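# A structural walkthrough
Here are the chains, one letter per residue:
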Amino acid sequence: MIVTADEVRAWVAGGESLIVEFKGESRERLNDTDLVEAVACMANARGGVLLVGVEDDGSISGAQPRHGSYTDIRRVEAVVGNSTQPSCPVECAVVPIDGHQVVVIRVPEGRPITATNRGVYKHRLLDVHGNPQCLPFYPHEMQSRESSRGALDFSAMVVADATWEDLDPLEFERLRQSITRNGARADAALLTLSDVSLVKALGLGEGRDTVDRLRVAGLLLLGREESLRRLLPTHEVA
């Protein structure tokens, strides 16, 4: 990876953001654990660049050598790749600026949810003051993130507490009427199926002889009003 001093200066001048993070080493060298956590944090957001050797105030103090008297960028890349799950392929460069060296680590965007080998999940967010920070990445936030990038179909998720009794017979009748009205555009064979078979055929639930696991789509399409309020309180019709 080729990075110029002017590019680094531009990033520094722009300050820290969701895609730019400074890691100063004026007091002590950034250890591998913290380095990997910072990379995973950015990978779980929008990617970006990590500048090691730049203090929080934007002053360039320089990165300390990581491998004896120098920094081997290939070893840095290997440490990150071997310490993240799934492995995060970063690119590194050492850029001399004003007598100091800045280690630039470019983190790719669009990565799947990434953890460290220690099982740490973090993501980069703006706090209430607009300052970027790495915060714990909770399961419900992971689901939202994957859904927003098209990697997770929320409607296909199973609603753990939903049962067959949460479905409304009237909604089955409405569904069959809709199929009938659509005529050739709908599969007429669906009209011959029982309620259980209809749910399975449309992928709204699963089970062997009965339906014992209902999906979000099934509850939204066929659920009783009180069941929707209880099991999917944040549902919306648009």
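Anyway, here's the lowdown on the structure attached to this text. The structure presented is a predicted model; accordingly, all values stated were derived computationally and were not measured.

## A look at the pairing of strand β2 (residues 48–52)
Burial within β2 is extensive, with five of its five residues counted as buried. In this structure, strand β1 (residues 20–23) lies alongside β2, joined through four bridges in parallel fashion. From the neighbouring strand, glutamate 21 faces β2, where its bridge partner is leucine 50. In this fold, β1 hands off to helix α2 (residues 32–43), which returns the chain to β2; that crossover is right-handed. Here β2 pairs with strand β5 (residues 100–107) via five bridges, running antiparallel. Pairing of valine 52 across the sheet is with valine 103, part of β5.

## A closer look at the nonpolar core
Nonpolar side chains in soluble globular proteins tend to be buried together. Among the nonpolar cores identified, the biggest contains 18 residues, and Val159, Leu167, Phe172, Val199, Leu214, Leu219 and Leu222 are the most heavily contacted of them. Sequence-distant contacts of leucine 222, that is, excluding residues within four places in its chain, are made with Asp166, Leu167, Asp168, Glu171, Phe172, Leu175, Val199 and Leu204. Among the nonpolar cores identified, the runner-up in size contains 17 residues, and Leu30, Ala43, Val52 and Ala63 belong to it.

## Some details on helix α4 (residues 139–148)
Think of an α-helix as 3.6 residues a turn; residues three or four steps apart then line up on the same face. Taken residue by residue, α4 has Met142, Arg145 and Glu146 as its buried positions. For α4, the arc enclosing every buried residue in end-on projection is 95 degrees, short of the 170-degree limit, so these residues lie on one face. Exposed positions of α4 whose direction lies more than 90 degrees from the buried face are His140 and Ser148. Packed against the buried residues of α4 are α2.

## Focus on the state of the cysteines
Scanning the model with the defined rule gives one disulfide in all. The thiol of cysteine 88 is not disulfide-bonded; the next cysteine sulfur, from cysteine 92, is found 10 Å away.

## A closer look at the sheet that holds β5
Read from one edge to the other, the open sheet built from four strands follows the order β1-β2-β5-β4, with strand pairing classed as mixed. Edge positions in the sheet fall to β1 and β4 (91–97), since each has one partner strand and no second. Across the sheet, the axes of successive neighbouring strands diverge by a mean angle of 20 degrees, strand direction being ignored. In the packing of helix α1 (residues 5–14) onto the sheet, the strands contacted are β1, β2, β4 and β5, and the crossing angle to β4 comes to about 95 degrees.

## Remarks on the pairing of strand β7 (residues 122–126)
Of the pairings in the sheet, the one linking β7 to strand β8 (residues 132–136) comprises five bridges and is antiparallel in character. For histidine 123, the partnering residue across the bridge sits in β8 and is leucine 135. Between the end of β7 and the start of β8, which pair antiparallel, lie five residues, with glycine 130 showing a positive phi angle near 85 degrees.

## Looking at the side chain of threonine 84
Position of threonine 84 among the secondary structure elements: in strand β3 (residues 84–85). At a separation of 2.8 Å, a polar atom in the side chain of threonine 84 contacts the main-chain carbonyl oxygen of valine 80. Among the polar contacts listed, one links the side chain of threonine 84 to the backbone nitrogen of cysteine 88, at a separation of 2.9 Å. Apart from the residues lying within four places of it in its own chain, the contact partners of threonine 84 are Val36, Thr114, Ala115, Thr116 and Asn117.

## Details of the packing of α2 against helix α3 (residues 73–82)
Remark: α2 packs on α3, axes separated minimally by 10 Å, with the N-to-C direction vectors making an angle of 70 degrees. Accordingly, the angle class assigned to the pair α2 and α3 is roughly perpendicular. Contact residues: α2 offers Asp32, Leu35, Val36 and Val39, while α3 offers Val76, Val79 and Val80. Partitioned by chemical class, the residues of the contact of α2 with α3 number six nonpolar, no polar and one charged.

## A look at the pattern of salt bridges
Opposite charge on two side chains permits them to pair, given that their charged atoms come into close proximity. Throughout the structure, instances matching the rule amount to 15 salt bridges. Between arginine 66 and glutamate 25 there is a salt bridge; the shortest N-O distance is 3.4 Å. Taken together, the residues arginine 66 in the loop between β2 and α3 and glutamate 25 in the loop between β1 and α2 connect sequence positions 41 residues apart. Classification of glutamate 25 by relative accessible area gives buried; the value is 2%. Arginine 145 serves as the salt-bridge partner of glutamate 146, at 2.8 Å between the closest nitrogen and oxygen. Grouping residues by exposure puts glutamate 146 and arginine 145 together as buried.

The rules behind the values
- Residues numbered from 1 in each chain as written.
- Predicted model: local features only at pLDDT ≥ 70, side-chain atom pairs only at ≥ 80, totals over all residues.
- Heavy atoms only, no water.
- Buried < 20%, exposed > 50% of the residue type's maximum accessible area, 1.4 Å probe, protein only.
- Helix = DSSP H or I, 4+ residues; strand = E, 2+ residues; numbered from the N terminus.
- Pairing = 2+ DSSP bridges.
- Right-handed = clockwise from strand over helix to strand, strands pointing away.
- Core = buried A, V, L, I, M, F, W, Y, C linked by side-chain atoms within 4.5 Å.
- Contact = heavy atoms within 4.5 Å.
- Arc of directions from axis to C-beta.
- Disulfide = S-S within 2.5 Å.
- Axes fitted to C-alpha atoms, helices over the stretch in contact; angles between N-to-C directions.
- Polar contact = N/O pair within 3.5 Å; in protein donor to acceptor, adjacent residues only side chain to side chain.
- Parallel < 35°, antiparallel > 145°, perpendicular 65-115°, else oblique.
- Nonpolar A, V, L, I, M, F, W, Y, C, P; charged D, E, K, R; others polar.
- Salt bridge = Lys/Arg side-chain N within 4 Å of Asp/Glu carboxyl O.

Everything listed here is a matter of coordinates, which is why it stays silent on function.
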